[in-house]
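Okay, here's what each chain looks like letter by letter:
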Amino acid sequence: MERLSGLLSWTLSRVLWLSGLSERGAARQSQIMEEKALEVYGRGHTESESTRRQWWFRGHTEDLIRNIRDPEKPNTLEELEVVTESCVEVQEINEDDYLVIIRFTPTVPHCSLATLIGLCLRVKLQRCLPFKHKLEIYISEGTHSTEEDINKQINDKERVAAAMENPNLREIVEQCVLEPD
């Protein structure tokens, strides 16, 4: 009976470790994911670990925002070219903190939903980025008639919090950031 108990305990701990549900397993799972992502997004083995991490974070950020839906069209922001690979920039602040800068391009210079798109980007990234970060979101320079005002709004924590308290606005944002099946 003692042998069976020991075998069961070992099996359970191994399953938890492999699934990432134990602390060591979660750390290992995260490391495995980062290594695989670096293979895809990294530039090569000659770069510093910091640069490789920045490339991984940039690729992960791109993956998160590409499927955000446009508030008024049935397309994603990537399909409408509101966000592209080149719109994401990641800078290391220190060893554990990163600055993520997103520059998006509204479909027209007078787009009335540019602020809402910026809010969707912010909400999605705040929820999903797995690393410590500071987030700055801007409209690409010269692509909107009121870009300065909108940039202030989408980077003001109090205005963002107030907007998300509005149930109608929150519902629209939730629909836009909902992951596709």
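Definitions and limits used
Numbering of residues starts from 1 in every chain and runs along the sequence as written. With pLDDT at 70 or above as the cut-off, local features in this predicted model cover only qualifying residues; side-chain atom pairs require 80 or more to be listed or tallied, and sums for whole chains, interfaces and linings still use all residues. The side-chain quantities take in all heavy atoms of the structure and omit both hydrogens and water. At least two DSSP bridges between two strands are required for those strands to pair. Counting from the N terminus, the helices are DSSP H or I runs at least four residues long and the strands are E runs at least two residues long. A fitted line through C-alpha atoms serves as each axis, taken over the contacting stretch for helices, and the angle formed by two N-to-C directions is quoted from 0 to 180°. Here a residue-residue contact requires only that any non-hydrogen atoms of the pair lie within 4.5 Å. Geometric relationships in this document are graded by angle, where less than 35 degrees denotes roughly parallel, more than 145 denotes roughly antiparallel, 65 to 115 denotes roughly perpendicular, and other angles denote oblique. Crossing handedness: left-handed means the near helix sits turned counterclockwise from the far one by under a right angle, and right-handed means the same turn made clockwise. Each residue is assigned to one class: nonpolar for Ala, Val, Leu, Ile, Met, Phe, Trp, Tyr, Cys and Pro, charged for Asp, Glu, Lys and Arg, and polar for all the others, Gly among them. For the handedness criterion, the strands are oriented away from the viewer, and a crossover whose path from the first strand over the helix to the second runs clockwise is classed as right-handed. A cavity, in this analysis, means grid points on a 1 Å lattice covering only the protein atoms where a 1.4 Å probe fits yet has no way out; a pocket is instead an open set bounded by protein on both sides within 12 Å along at least five of seven lines, and a residue lines either one if it has an atom within 4 Å of a point. Grid points are joined across faces, edges and corners, and a volume is the space filled by probe spheres set on the points.

**Overview of the sheet that holds strand β3 (residues 133-139)**
Working step 1: An order of β1-β2-β3 is seen for the three strands of this open sheet, with the pairing classed as mixed. Two strands lie at the open edges of the sheet, namely β1 (88-92) and β3, each paired on one side alone. Here the strands of the sheet are splayed against their neighbours by 15° on average, with no regard to which way each runs.
Working step 2: Judged from the five bridges that link them, β1 and strand β2 (residues 98-104) form a sheet pairing that is antiparallel. Bridge pairing in β2 links E89 to I101.
Working step 3: Where helix α3 (residues 49-65) meets the sheet, it contacts β1 and β2, and its direction lies at approximately 145° from that of β1.

**So, the packing of helix α4 (residues 114-128) against helix α5 (residues 147-154)**
Working step 1: Where α4 contacts α5, the two axes come as close as 10 Å, and the packing angle between them is 30°. Of the possible angle classes, the one that applies to α4 and α5 is roughly parallel. The two elements α4 and α5 cross, and the hand of that crossing is right-handed. Residue-level inspection shows A114, T115, G118, L119 and R122 of α4 in contact with α5, the latter providing I150, Q153 and I154.
Working step 2: Taken together, the residues of the contact of α4 with α5 sort by class into four nonpolar, three polar and one charged.

**A look at the packing of α4 against helix α7 (residues 167-177)**
Working step 1: The N-to-C vectors of α4 and α7 enclose an angle of 65°; their axes lie 9 Å apart at closest approach. In terms of orientation, α4 and α7 fall into the roughly perpendicular class. Where α4 crosses over α7, the two elements pack in a sense that is right-handed. Across the interface between the two elements, L116, L119, C120, V123, K124 and R127 from α4 touch L169, I172, V173, E174, C176 and V177 from α7.
Working step 2: Among the residues forming the contact of α4 with α7, the class breakdown is nine nonpolar, no polar and three charged.

**Section: the pairing of β3**
Working step 1: Where β2 meets β3, seven bridges bridge the pair, whose relative direction is parallel. Bridge pairing in β3 links L99 to K134.
Working step 2: In the classification by handedness, the crossover that spans β2, the intervening α4 and the parallel β3 is right-handed.

**Examining the layout of surface pockets**
Leftover empty space is mapped by rolling, across the atoms, a probe with the size of a water molecule.
Working step 1: Taken as a whole, the largest pocket encloses approximately 210 Å³ of empty space.
Working step 2: Those elements that provide at least two residues to the lining of the largest pocket are α4, β3 and α6 (157-165).
Working step 3: Per-element accounting of the lining of the largest pocket gives the leading share, four residues, to β3.
Working step 4: Split by residue class, the lining of the largest pocket holds two nonpolar, three polar and five charged.

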